[in-house]
Every structure is written in structure tokens, then in C-alpha cells.
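Coordinates in review
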Amino acid sequence: MAIQHYTCEAPFLLECGETLHGLEIAYHTYGKMNESGSNVIWICHALTANSDVADWWKGLVGEGCLINPEEYYIVCANIIGSCYGSTGPLSKNPVNQQTYYAQFPLITIRDMVAAHILLRQHLGIHSIELMMGGSMGGYQVLEWAVMEPSVIKKLFLIATSPSESAWGVAVHTAQRLAIEADATWRHYTSDAGAAGLKAARAIGMLTYRNYATFQEKQTDPDPEKIDDFKASSYINYQGKKLVNRFNAFSYWLLTKAMDSHHLARGRGGNLLAVLQSIQHPTLIIGISSDILCPVDEQQFMATYMPNASLEIIHSTYGHDGFIIETQQISNLLKPFMHQV
């Protein structure tokens, strides 16, 4: 399916107090909404993904998969602050017609969801049968469940948490330090901070996978080597790959948005109480080897969300297992989806 765009010309107030004067949201839809509007599945994407969910969540979303456009009306929107069509640092500020670059204001997960809600209203969606997301996508799902509880019927959360951990904030800070150490970071060009972004991605890759995965996949068979190691080549490749499709401004900004994630902010500060208020039937999946958002985080949610059930996927792929282990995910999600 081709990318679509929704333009909202009304001022969009951000949590930080600043205003975006107009908003563009890029999104994909798959399938058709039925007459009753009861077959909508909305998928929220993670940090560097885009709205083409059938491309990046192959095996789970698409024809012949569990999330099948022949049966469901599937929606995925690019988050604001990103660089895949929605308003972000490489957009032009309509006030002065200058590209934002580093002047783009701080955004939060709550701001992203507020933009999603504008798109939901534009599409004429009144009920979402299943809201799902992994990692940062799960942050959006949780926020949305609190912001519009009557709109959503069921939640599916994987490799995610109700507030950003101190560990997550530390990782993101290290990544931003890498970007900020790049002397080009504040230049007014789309490729500013590219070397820093490559280093930031390298840091991220260490948390998306784990010791066991690197040992299994990236160990050199030649004991005589003293340089050019396989693991080093892999990290360099992954860094370069992201630089070719993303930008340092969005990466810096979106890691800040993840740091802001806390369901209880502005809601009394009691995270347990907020989790207990989420009444939706919820499937939570943790990944046994995930060191970025470990199973403890999902266990915590399952303990305090009254209608949540927890399943653990055994995988060597770490945090990235939420994208890779689609068969295991499908096997657990299918019966949940068909529960009355």
C-alpha cells in the first residue's frame, strides 16, 4: 500500500508548552473497515521504524499473516518527530519557511498519541478492536489506553514498559552524547551529525541484542586475527545502514521523547494506580533475553493491570525478538484476539 498523508492546519500544542503551527501525519492503511467499524487494528511503531508496518513486521502483518488485511482494517502512523513523512526536524516551519533542524521543539510520547488521535478522527474510526505495539510502540499504546479508554477494546504489548527505566535513560543519554560529540551535529543540513548517529546506533545495537547473540553470530572462526573482526564489521554495517535512512536530529529528539515516558506524569504520580485504571483485556509478552526492556518490566505491568496476562517468549535475539519472533508471537496473540 502507498503512503498517505493527513494535514492538520490547526495549531498543535505540545506538552513542553510550544506550538507546532500545522501538522502533517504520514500513515499506511491496509484492508477495509467493515460497516460496523469493528475490525480496526492500530499498530504503533518503535524508534526508527515507519508507517509501513507490513514491511517491517513481516510474518505478523500482511496477507497470509495473523494480522491480515483481508480480515482487518490495519492502520499505522509515522510518529511526529520522525523522518518518514510526519512533521519532524527536517520539516519546514510554516511560520518562517525555514527547516527546523535542531530548533524542533521537544516532544513526548503523549504528543505522539495526540497526533494519532487527530488521524483517528480524520479516518472516521470510532472504535479500535486491537491496539498493539512493541518497545516505544508499546509506550504509545499504553498512553492511548489512558487517554481514550472507551475507544480501544484490547491491548497487545511486547518488550515495553509503563515508564522509561533509569537504564533506558542512561542508554539514550550515551547515544545522544555520541551525536553531540560530532562537530557537525548543529549544522543546518540534513546529514548533520551522521558520524555521531552511526556511533549512537552502535550503542543501541548492544542493547537490542545481547552477549549470547553476538557470541553465536559474530565470533570469528580465525584465532590468528588481530584486527578487522566480524563483530566490528557488523556494528559498522548497522551504523551505516541507519545513517542511510534516518537522521541525527530525529534520533536525538525521539530518544528524549522516550526518556519522558511515564504514565503517571500529570496523573497524580502514582504509577500503580494508573496501571490499575487500565481495564482493557491485555496480552503482555516479554522476551527472555531482552536486556533493554527486561521481563521484570512486563511482569510489573501484568501484576497491576487487572485484566492483563503475561507470556514469555524464549529467544536468543534480545529486544529485537519483538520484530523477529513473529511465529511465536502469532501463536500467543491468535487465541487472545479471538477471546470474547
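In what follows, the accompanying structure is described. (Residues numbered from 1 in each chain as written. Predicted model: local features only at pLDDT ≥ 70, side-chain atom pairs only at ≥ 80, totals over all residues. Heavy atoms only, no water.)

The next point concerns helix α6 (residues 211-218). Those residues of α6 lying buried are T213, F214 and Q218. Summarising the axial view, the buried residues of α6 lie within an arc of 95°, below the 170-degree limit, and thus occupy one face. For α6, the exposed residues set more than 90 degrees away from the buried face come down to Y211 and E216. Here the buried face of α6 lies against α5 (194-208) and α7 (230-243). (Buried < 20%, exposed > 50% of the residue type's maximum accessible area, 1.4 Å probe, protein only. Helix = DSSP H or I, 4+ residues; strand = E, 2+ residues; numbered from the N terminus. Arc of directions from axis to C-beta. Contact = heavy atoms within 4.5 Å.)

It is worth spelling out the packing of aromatic side chains at this point. Enumeration over the complete set of coordinates arrives at 12 aromatic pairs. Considering the side-chain rings of Y100 and F104, the 4.9 Å spacing of their centres and the 80° angle between planes classify their relative orientation as edge-to-face. Taking relative accessible area as the criterion, F104 reaches 6% and is therefore assigned buried. Relative to Y234, the ring of F214 lies with its centre 5.8 Å away and its plane at 80°, an arrangement referred to as edge-to-face. Of the two residues, F214 is situated in helix α6 and Y234 in helix α7; the sequence distance between them amounts to 20 residues. There is no split in this pair, since F214 and Y234 are both buried. Connected via pairs of aromatic rings, a cluster forms that spans Y101, W185, Y188, F249 and W252. The ring of F336 carries the charged tip of K154 above its face, separated from the ring centre by 5.0 Å. (Phe/Tyr/Trp six-rings, centres within 6.5 Å; stacked < 30°, edge-to-face > 60°. Lys NZ or Arg CZ within 6 Å of the ring centre and 35° of its normal.)

With that out of the way, let us pick up the layout of surface pockets. Estimated volume of the largest pocket: approximately 740 Å³. Together, 39 residues line the largest pocket, and T48, R201, Y208, D320 and I323 are the ones closest to its centre. Listed by contribution, the elements that provide at least two residues to the lining of the largest pocket are α1 (53-56), α3 (136-147), α4 (166-180), α5, α7 and α11 (321-324). Element by element, the count of residues in the lining of the largest pocket is highest for α5, at five residues. Split into classes, the residues belonging to the lining of the largest pocket amount to 19 nonpolar, 12 polar and eight charged. (1 Å grid on protein atoms, 1.4 Å probe; cavity = no way out; pocket = protein on both sides within 12 Å on 5 of 7 lines; lining within 4 Å. Points joined across faces, edges and corners; volume = space filled by probe spheres on them. Nonpolar A, V, L, I, M, F, W, Y, C, P; charged D, E, K, R; others polar.)

So, on to the environment of L292. Secondary-structure assignment places L292 in the loop between β9 (282-287) and α10 (295-304). Between the C-alpha atoms of L292 and F249, which are 43 residues apart in sequence, the distance is 22 Å. Not counting the four nearest positions on each side in its chain, L292 is found in contact with W167, T207, Y208 and H319.

Turning to the sheet that holds strand β10 (residues 308-313), a few remarks are in order. Read from one edge to the other, the open sheet built from eight strands follows the order β1-β2-β4-β3-β7-β8-β9-β10, with strand pairing classed as mixed. Each having just a single partner strand, β1 (4-13) and β10 make up the two edges of the open sheet. Each strand axis lies, on average, 20° off the axis of its neighbour in the sheet, ignoring direction. In the sheet, strand β3 (residues 40-44) pairs with strand β4 (residues 73-77) via three bridges, with the strands oriented parallel. Across the sheet, residue W42 finds its bridge partner in β4, namely V75. The sheet contacts of helix α2 (residues 109-122) involve β1, β2 (19-30), β3, β4 and β7 (128-134), and relative to β1 the element is tilted by about 120°. (Pairing = 2+ DSSP bridges. Axes fitted to C-alpha atoms, helices over the stretch in contact; angles between N-to-C directions.)

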